[in-house]
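The residues making up each chain are set out below.
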Amino acid sequence: MNFIKPQKIDGGICAPLGFTANGVHCGIRKNKSKEDLALIYCGTECAAAAVYTKNKVQGAPIVVTKKNLADGKARAVMVNSGNANTCNADGVFIAEKTAHITAAALNISPNDVIVASTGVIGLPLPVEPIEKAVPGLVKGLSRENGGLAAMAILTTDTVKKEIAVKFEINGKECRIGAIAKGSGMICPNMATLLVFITADVNISSEYLHKALLGVTEDTLNMVSIDGDTSTNDMVSAMASGLAGNSEINAENEDFSIFKTALYEVMRELSRLIAGDGEGAKKLLECNVAGAENKETAKKIAKSVISSNLFKAAMSAADANWGRILCAIGYADVEFDISKVSAGLSSGKGDIKVCENGSGVEFDEGTAKTVLSAHEIYININLNSGNCEATAWGCDLTEEYVRINADYRT
């Protein structure tokens, strides 16, 4: 395979050829120092695809975006934070009007606009602040302002989440960039949070969707902060084709290269999201190996990372490994507990806590040191096969309760 491992580069969402972005404060959020409206734009028509939340209550922007992406094409993303535009009688009207306002300012079709919102559910979203801000938002579009867009989509996040990589397809340098928001209400079943991906790879809409759906299942869908699935979760992708490679329209070597690069981008976003969970102090990564099939590995990894009891133990740096076995045990899969081993590790060392389904002695002081690190790895081996999976989450702290108790008021 003519493949060079993806390399991280600067530029975020604007690293791929053809894309500009901007973010401004329009007035949806009370904090005037916080950007709350973001725009991503491509000067040429893009192949586009998206996957969405499986929550039966879905935000109006999802309804509109599904309709607009029916032809697999898009040129812009307009997203606001501070208000989810969900469960509102006029929600679809507001989302559609937002698309029309954006399209008029960019001189494109409203059907080429992806619309997204994030924030409080059930509050009417005023369109006037958006309408007033759009001219300045468009005027400020540039390759340098991608970071402002990354800031504008955040809610309870404490850091912006952006990444870009470069790689080669048949000698052509290609780039993928992305921004994301997500800190709470995260336990997705299809897409997750709000994630916006750009690429300059020449790929058909069909195969962009195929890659996006497959990689989402192994990355963003393996993140759990609190067990709640949002009404507005969406991950969308636009590909400009300006890299100049031959169009990818089959599951061939070029498709595999693109999918591998996309995985690196979405894996990094998954880690950033998990590490910035509401109130979190620690990133947890659960690696399950030795499973009979991939589905078993995925369900067990997700079960452990979602256990509130285990997450609380990690907050206290308590090696309560029984909670790992408990979470493994209630995963809806079949396995032989007598073969299971488990350990905990970090940059400060590692300890084995379970062998053949039973506990092994370990030093509590060493365990405390290992679990005092910011990144903690839970390593499980089912010793029953060759399949593996990884899930990401965070510890559970008192700060999580405070943030969500006060979130609306």
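What counts and how
- Residue indices begin from 1 for each chain and proceed along its sequence in written order.
- Since the coordinates come from a predicted model, pLDDT governs what is reported: local features require at least 70, and pairs of side-chain atoms require 80 or more to be given and counted, while whole-chain, interface and lining totals use all residues.
- Side-chain calculation: all heavy atoms of the structure are included, whereas hydrogens and water are not.
- The working definition used for a salt bridge is a side-chain nitrogen of Lys or Arg within 4 Å of a carboxyl oxygen of Asp or Glu.
- Per the convention used, a helix needs a DSSP run of H or I reaching at least four residues, while a strand needs a run of E reaching at least two, with both numbered from the N terminus.
- Accessible area is worked out with a 1.4 Å probe on protein chains only. A residue is then buried under 20% of its type maximum, exposed over 50%, and partly exposed in between.
- Under this scheme, a helix contributes an axis fitted over its contacting stretch, all axes are lines through C-alpha atoms, and angles between N-to-C directions fall in the 0 to 180 degree range.
- Angles are sorted into four bins: roughly parallel if under 35 degrees, roughly antiparallel if over 145, roughly perpendicular if 65 to 115, and oblique for all others.
- Here a crossing is called left-handed whenever its near helix is offset anticlockwise from the far helix by less than a right angle, and right-handed whenever the offset is clockwise.
- Contacts are residue-level and defined by heavy atoms, with any inter-residue pair within 4.5 Å sufficient.
- In the scheme used here, Gly and all other residues not listed as nonpolar or charged are polar, with Ala, Val, Leu, Ile, Met, Phe, Trp, Tyr, Cys and Pro taken as nonpolar and Asp, Glu, Lys and Arg as charged.
- Expected helix span is given by 1.5 Å per residue-to-residue step, counting one fewer step than there are residues.
- We define a polar contact as two N or O atoms separated by no more than 3.5 Å, with the added condition that, inside protein, one atom must be a possible hydrogen donor and the other a possible acceptor, whereas residues neighbouring each other in sequence contribute only through side-chain atom pairs.
- Between any two strands, at least two bridges found by DSSP are needed for them to pair.

Caption draft 1: Spotlight on the pattern of salt bridges. Scanning the entire structure with this criterion turns up 10 salt bridges. Residues Lys210 and Glu251 are paired through a salt bridge, measuring 3.6 Å at the closest nitrogen-oxygen approach. Here Glu251 lies in the loop between strand 9 (234–239) and helix 6 (253–275) and Lys210 lies in helix 5 (residues 205–218), a separation of 41 residues in the sequence. For Glu251, a relative accessible area of 57% puts it in the exposed group. Taking the shortest distance from any N to any O, the salt bridge between Lys294 and Asp218 comes out at 2.8 Å. Taken together, the residues Lys294 in helix 7 (residues 294–306) and Asp218 in helix 5 connect sequence positions 76 residues apart. Among the residues examined, Lys294 registers a relative accessible area of 40% and is labelled partly exposed. Take Asp218: its relative accessible area is 23%, and that puts it in the partly exposed class. What you see here is one network of salt bridges that share partners, running through Glu173, Arg175 and Asp200.

Caption draft 2: Summary view of the packing of helix 2 (residues 91–106) against helix 3 (residues 128–139). Between helix 2 and helix 3, whose axes approach to 10 Å, the crossing angle comes to 30°. Accordingly, the angle class assigned to the pair helix 2 and helix 3 is roughly parallel. Remark: the crossing between helix 2 and helix 3 carries right-handed chirality. Mapping the contact onto sequence places Lys97, Thr98, Ile101, Ala105 and Leu106 in helix 2 and Ile130, Glu131, Val134 and Val138 in helix 3. Here the contact of helix 2 with helix 3 is composed, by residue class, of 6 nonpolar, 1 polar and 2 charged.

Caption draft 3: Representation of helix 6 in the model. If you check helix 6, its first and last C-alpha atoms are 33 Å apart, about what 23 residues at 1.5 Å a residue would give, namely 33 Å. Two or three places before Asp254, at the opening of helix 6, Asn252 has a side-chain oxygen 3.2 Å from that residue's backbone nitrogen.

Caption draft 4: Representation of the packing of helix 1 (residues 60–68) against helix 2. Between helix 1 and helix 2, the least distance of the axes is 8 Å, while the angle of their chain directions is 50°. Classified by the angle between their axes, helix 1 and helix 2 sit oblique to one another. Read as a crossing pair, helix 1 and helix 2 show a hand that is right-handed. Contacts between helix 1 and helix 2 involve Ala60, Pro61, Val63, Val64, Lys67 and Asn68 from the former and Gly91, Val92, Ala95, Glu96 and Ala99 from the latter. Taken together, the residues of the contact of helix 1 with helix 2 break down into 7 nonpolar, 2 polar and 2 charged.

Caption draft 5: The pairing of strand 9, seen in detail. With respect to burial, strand 9 is a largely interior element, 6 of its 6 residues being buried. Here strand 9 shows no split at all, with Met234, Ser236 and Met238 on one side and Val235, Ala237 and Ala239 on the other all buried. Two strands pair when backbone bridges link them, and strand 3 (residues 37–52) and strand 9 are joined in this way by 6 bridges, in the antiparallel orientation. Among the inter-strand pairings, Ala48 is bridged to a residue of strand 9, identified as Met238. Here 6 bridges tie strand 8 (residues 194–199) to strand 9, and the two strands are oriented parallel to one another. Each bridged residue has a counterpart across the sheet, and for Val195 the counterpart in strand 9 is Val235.

Caption draft 6: Molecular detail of the pairing of strand 12 (residues 349–355). Bridge analysis of strand 11 (residues 341–346) against strand 12 gives 5 bridges, and the strand direction is antiparallel. Counted as the bridge partner of Gly343 is Lys352 from strand 12. The turn linking strand 11 back onto strand 12 is made up of 2 residues. Note: strand 12 against strand 13 (residues 358–359), 2 bridges, orientation antiparallel. Bridging from a neighbouring strand, Cys354 pairs with Gly359 of strand 13. The loop that links strand 12 with its antiparallel partner strand 13 comprises 2 residues; one of these, Asn356, has a positive phi angle of about 55°.

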